Amino acid sequence: MPSSNLFENTATLYDLDTRGLETHDTDFYLRYARRTPGDILELACGTGRVTIKLAENGHSVTGIDLSTHMLDVFREKLRKTPQPVRRRIRIRKAPMSSFKLGRQFPLIIIPFRAFQALTTEAEIAGCLSSVARHLAPGGVFIVDVFVPYRYLNADWADGIERVEWVYRDPETGTEIRRADRRTGIEPLTQIISSEIVYYIRTRDGPEKRVSDPIRLKYYFRAQIEALLASFGFTIDNEFGEYDGRPIGTGREQIFVCRRRELDAHTRL
């Protein structure tokens, strides 16, 4: 994964998002976890937002991520998590574009658009090949990408900071404002670049600015469907949001996949 997606400066602020991400998609993954008995593999687990929720509901989860900074936040959260929950979680630092765990899983997930952090053909192929090797026969693979903006040309990268949310700590009075600044677009490779910016203002101190660069590859529906098929996956269901609405009617493109029967016994 490119170094521009490692949240080196902003990992400790990631979980402050006020847009309801803690319930936006976790209920969806919990439903599939209940339907698919056995251990779960989560790619790009980050700070453990989804992982911990699954473990709290009795599921054993292995999470991998390439960002040391995000995993540090995850481990700090685990120190405050009840021991029975901690026992159900394994964390490993590894790229989702190339991992080898020596076992297969009945459910593999890549939540909240993390797959789009892979921006080269080699990374994308490596990820989907690795998923195919680690998916148990009859297992389920779920991947989510966002619906591309309607207009994607050079004008998209206008450099304007757009505020996404504001968090106010009721105890300390600290205000944290997150903004997104569009910095570049490569239409031929379908890659957008932006800067995630946080402004932190305490009651008594000056405002502080911290940021990280982000690069994401966007997909149109037919492209991601063809890509999944080319790596031996069949799509069981497609959704446009985590509430189950049809694809094409929401902000997301969520694909629930299985390996084709002839490919289901791929060796590790």
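It should be noted that the structure appears before, not after, this text.
Remember, it's a predicted structure, so these values are computed and weren't measured experimentally.

**Q** Before we move on, could you go through the overall build of the chain and cite the residues and values that matter?
**A** When you go through the chain residue by residue, the secondary structure sums to 7 helices and 11 strands. Compactness check: the chain gives a C-alpha radius of gyration of 19 Å against a globular reference of 18 Å for 268 residues, within 12% of the reference. Principal axes of the C-alpha set define a box for the chain whose edges measure 65 × 50 × 35 Å. Here the chain, with 268 residues, has 51% of them falling under the buried criterion. Sequence-distant contacts, at least 24 apart, represent 67% of the contacts inside the chain between residues at least 6 apart. When the accessible surface of the chain is summed, it comes to about 12900 Å², and 49% of that surface belongs to carbon and sulfur atoms. Measuring between centres, the 40 positive side-chain charges of the chain sit 5 Å from its 36 negative side-chain charges.

**Q** Could you give an account of the sheet that holds strand β6 (residues 161-168), with specific residues and numbers?
**A** Taken in spatial order, the 4 strands make up an open sheet running β6-β7-β8-β9, and their pairing is antiparallel. The open sheet has two edge strands, β6 and β9 (208-217), and neither has a second partner. Across the sheet, the mean angle separating the axes of adjacent strands is 20 degrees when strand polarity is ignored. The pairing of β6 with strand β7 (residues 175-186) spans 7 bridges and is classified as antiparallel. For Y167, the partnering residue across the bridge sits in β7 and is I176.

**Q** Kindly report on the packing of helix α2 (residues 26-35) against helix α3 (residues 49-56), identifying the contributing residues and their values.
**A** In the contact formed by α2 and α3, the axes pass within 10 Å of each other and the chain directions differ by 45 degrees. Viewed along their axes, α2 and α3 adopt a mutual orientation that is oblique. Handedness of the α2/α3 crossing: right-handed. Residues T26, Y29, L30 and A33 of α2 form the contact with α3, whose participating residues are R49, V50, K53 and L54.

**Q** Before we move on, could you go through the pairing of strand β5 (residues 135-146) and cite the residues and values that matter?
**A** Within β5, 10 of the 12 residues are buried, which leaves the element mostly enclosed by the surrounding structure. Here strand β4 (residues 105-110) pairs with β5 via 5 bridges, running parallel. What sits directly across from I108, in β5, is F141. Crossover handedness for the path β4 to helix α6 (residues 121-134) to β5: right-handed. When β5 meets strand β11 (residues 252-259), the two strands line up antiparallel, connected through 6 bridges. Residue pairing in the sheet places F141 in a bridge with C257 of β11.

**Q** I'd love a proper account of the pattern of salt bridges, names of residues and values included.
**A** One pass over the structure, following the stated rule, counts 21 salt bridges. Linking D17 and R19 is a salt bridge whose minimum nitrogen-to-oxygen distance equals 2.5 Å. Where E238 meets R221, a salt bridge forms, and the shortest distance between an N and an O atom there is 2.8 Å. Of the two residues, E238 is situated in strand β10 (residues 233-239) and R221 in helix α7 (residues 221-230); the sequence distance between them amounts to 17 residues. Note on E238: relative accessible area 21%, which makes it partly exposed. Classification of R221 as partly exposed rests on a relative accessible area of 37%. Here the salt bridges do not stand alone but share partners, grouping E161, R181, E195 and R209 into one network.

About the criteria used
- Sequence positions are assigned chain by chain, starting from 1 and proceeding in written order.
- Thresholds applied to this predicted model are a pLDDT of at least 70 for local features of residues and 80 or more for the giving and counting of side-chain atom pairs; totals over whole chains, interfaces and linings are not thresholded and use all residues.
- Side-chain numbers come from the whole structure's heavy atoms, not from hydrogens or water.
- In this text, helices come from DSSP runs of H or I with a minimum length of four residues, and strands from runs of E with a minimum of two, each type numbered from the N-terminal end.
- C-alpha atoms define the radius of gyration, and 2.2 Å times the number of residues to the power 0.38 defines the globule rule.
- Using a 1.4 Å probe on the protein chains alone, a residue whose accessible area is under 20% of its type maximum counts as buried, one over 50% counts as exposed, and one in between counts as partly exposed.
- We call two residues contacting when some pair of their heavy atoms lies within 4.5 Å.
- Working definition of accessibility: Shrake-Rupley area with a 1.4 Å probe, residue cover restricted to the visible protein chains.
- Asp and Glu count as negative and Lys and Arg as positive, but His and the ends of the chain are not part of the count.
- We put the charge of a Lys on NZ, of an Arg on CZ, of an Asp on CG and of a Glu on CD.
- By this definition, two strands are paired if DSSP reports at least two bridges between them.
- Here, axes are lines fitted to C-alpha atoms. For helices the fit covers the stretch in contact, and angles between N-to-C directions go from 0 to 180 degrees.
- Here the word oblique covers every angle except those under 35 degrees (roughly parallel), over 145 (roughly antiparallel) and from 65 to 115 (roughly perpendicular).
- Note: crossing handedness is left-handed where the near helix turns anticlockwise from the far helix by less than a right angle, and right-handed where it turns clockwise.
- With the strands aimed away from the viewer, a crossover counts as right-handed if its path from the first strand over the helix to the second runs clockwise.
- Salt bridges are defined as contacts in which a side-chain nitrogen from Lys or Arg sits within 4 Å of a carboxyl oxygen from Asp or Glu.

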